[in-house]
Amino acid sequence: MNAGSVAPRAVIVTGGARGIGLGVAQRLAASGVRLALWDRDRDAVAEAASSLGPAHAAFACDIADEAQVEAAAAATWAQFGSIAGLVNNAGILGPVVPLWEHSAADFRRVVDVNLVGTFLVSKACVRHMRGQAGPVRARIVNVSSIQAKEGMPMAAAYAASKAGILALTKSLGKELAREGILVNAVTPAAAETDMAREIDAARRAEIVGRIPMGRFVEVGEIAALVAWLLSDNCGFSTGAVFDISGGRATY
Ligand SMILES: NC(=O)c1ccc[n+]([C@@H]2O[C@H](COP(=O)([O-])OP(=O)(O)OC[C@H]3O[C@@H](n4cnc5c(N)ncnc54)[C@H](O)[C@@H]3O)[C@@H](O)[C@H]2O)c1
């Protein structure tokens, strides 16, 4: 990413309190970008934003709740005056059980956060992006998963929600292709975060065994790809899916 190429305007990172979201935020902050971190964990997101420095802000928001999303978008707009980028990163794994043991409520909650949340945040932010004065130039990056492409036993709700994000990315990318707003998705393999720590040892070994490079992806490696997708260096890709799976994906 070119240092400062999306500065001084703001980039929103949902789920920015920890893990991949915080890693992305740290990388962007180091390039001079101002961050609006959104997370449902009020205390952790406040701490994360202050760890980045005084130019950055935290907004407590459950992305599955439309009223909270609208309020966070309005508050971000009021504070920063423009939105140069959005990283739809917040997500949950949900129960690690066979499909027939998922309760409908658990299945719906995973889809509500991962897919409907991505829709709600995109909808609120795109309205602000399109309304910005002057030529519009913005980027959206959706954090999907390798499981969207391959499916994953014991994680049907998660894999289905992440596959939905890919179709949403392709649709919105086409809708905005002539409006200066590029929309892309990334599909990481497993990364060492709190989410991965929910997985037991046998399943972790099985997951690593599926990755030709034989290891989890580093958060910094995902952050580097996301930063590039947010930058002006990414100019002719939209509605596209960028693999970062250590060779696991075959398409
Ligand atoms: N860790 C992995 O192995 C991995 C691999 C591929 C994709 N991903 C995806 O990357 C993203 C980040 O994952 P992570 O590993 O950093 O997870 P994490 O659990 O470490 O962090 C997720 C963050 O999202 C927040 N969040 C969860 N639900 C929310 C909601 N409804 N509203 C607002 N904030 C909410 C949490 O509070 C947390 O701060 C997720 O979308 C995940 O599906 C993770």
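Residues numbered from 1 in each chain as written. Predicted model: local features only at pLDDT ≥ 70, side-chain atom pairs only at ≥ 80, totals over all residues.

1. Let's talk about the overall build of the protein
Turning to step 1, where the next piece is worked out: Each helix and strand in the protein was counted, giving nine helices and seven strands.
Turning to step 2, where the next piece is worked out: At 17 Å, the protein has a C-alpha radius of gyration in line with the 18 Å of a compact globule built from 251 residues.
Turning to step 3, where the next piece is worked out: Principal-axis analysis of the C-alpha atoms places the extent of the protein at approximately 50 × 35 × 35 Å.
Turning to step 4, where the next piece is worked out: Within the protein, buried positions represent 45% of all 251 residues.
Turning to step 5, where the next piece is worked out: Taking the contacts inside the protein whose residues are at least 6 apart along the sequence as the reference set, 71% of them involve residues at least 24 apart. (Helix = DSSP H or I, 4+ residues; strand = E, 2+ residues; numbered from the N terminus. Rg over C-alpha atoms; globule rule 2.2 N^0.38 Å. Buried ≥ 20, exposed ≤ 12 C-beta atoms within 10 Å, placed from the backbone. Contact = placed C-beta atoms within 7 Å.)

2. Brief notes about the nonpolar core
Turning to step 1, where the next piece is worked out: Counting 74 residues, the largest nonpolar core has Val 11, Ile 12, Leu 35, Leu 37, Ile 83 and Val 226 as its most contacted members.
Turning to step 2, where the next piece is worked out: The element that contributes the greatest number of residues to this core is helix α4 (residues 104-130), accounting for nine residues.
Turning to step 3, where the next piece is worked out: With sequence-adjacent residues up to four places away left out, Val 226 is seen in contact with Val 24, Val 87, Val 141 and Val 186. (Core = buried A, V, L, I, M, F, W, Y, C linked by C-beta atoms within 7 Å.)

3. So, the environment of Arg 42
Turning to step 1, where the next piece is worked out: By the element assignment, Arg 42 lies in helix α2 (residues 42-52).
Turning to step 2, where the next piece is worked out: With 13 C-beta atoms counted inside 10 Å, the residue Arg 42 sits in the partly exposed group.
Turning to step 3, where the next piece is worked out: Sequence separation of Arg 42 and Ala 84 is 42 residues, and the distance between their C-alpha atoms is 24 Å.

4. Examining the packing of α4 against helix α6 (residues 156-176)
Turning to step 1, where the next piece is worked out: With their axes 9 Å apart at the nearest point, α4 and α6 run at an angle of 20° to one another. Taken together, the axis directions place α4 and α6 in an arrangement best described as roughly parallel. The handedness of the crossing between α4 and α6 comes out as right-handed. In this structure, α4 contributes Asp 106, Phe 107, Val 110, Val 111, Asn 114, Leu 115, Thr 118, Phe 119 and Ser 122 to the contact, and α6 contributes Ala 157, Tyr 158, Ser 161, Lys 162, Gly 164, Ile 165, Leu 168 and Leu 172. (Axes fitted to C-alpha atoms, helices over the stretch in contact; angles between N-to-C directions. Parallel < 35°, antiparallel > 145°, perpendicular 65-115°, else oblique. Left-handed = near helix turned anticlockwise from the far one by under 90°.)

5. Side note on the site of the ligand
Turning to step 1, where the next piece is worked out: Inspection of the region around the ligand gives 29 residues, with Gly 15, Gly 19, Gly 91, Thr 193 and Met 195 positioned closest.
Turning to step 2, where the next piece is worked out: Looking at the shell around the ligand, the elements that each hand over two or more residues are α1 (19-30), α4 and α7 (194-197). (Near = placed C-beta within 6 Å.)

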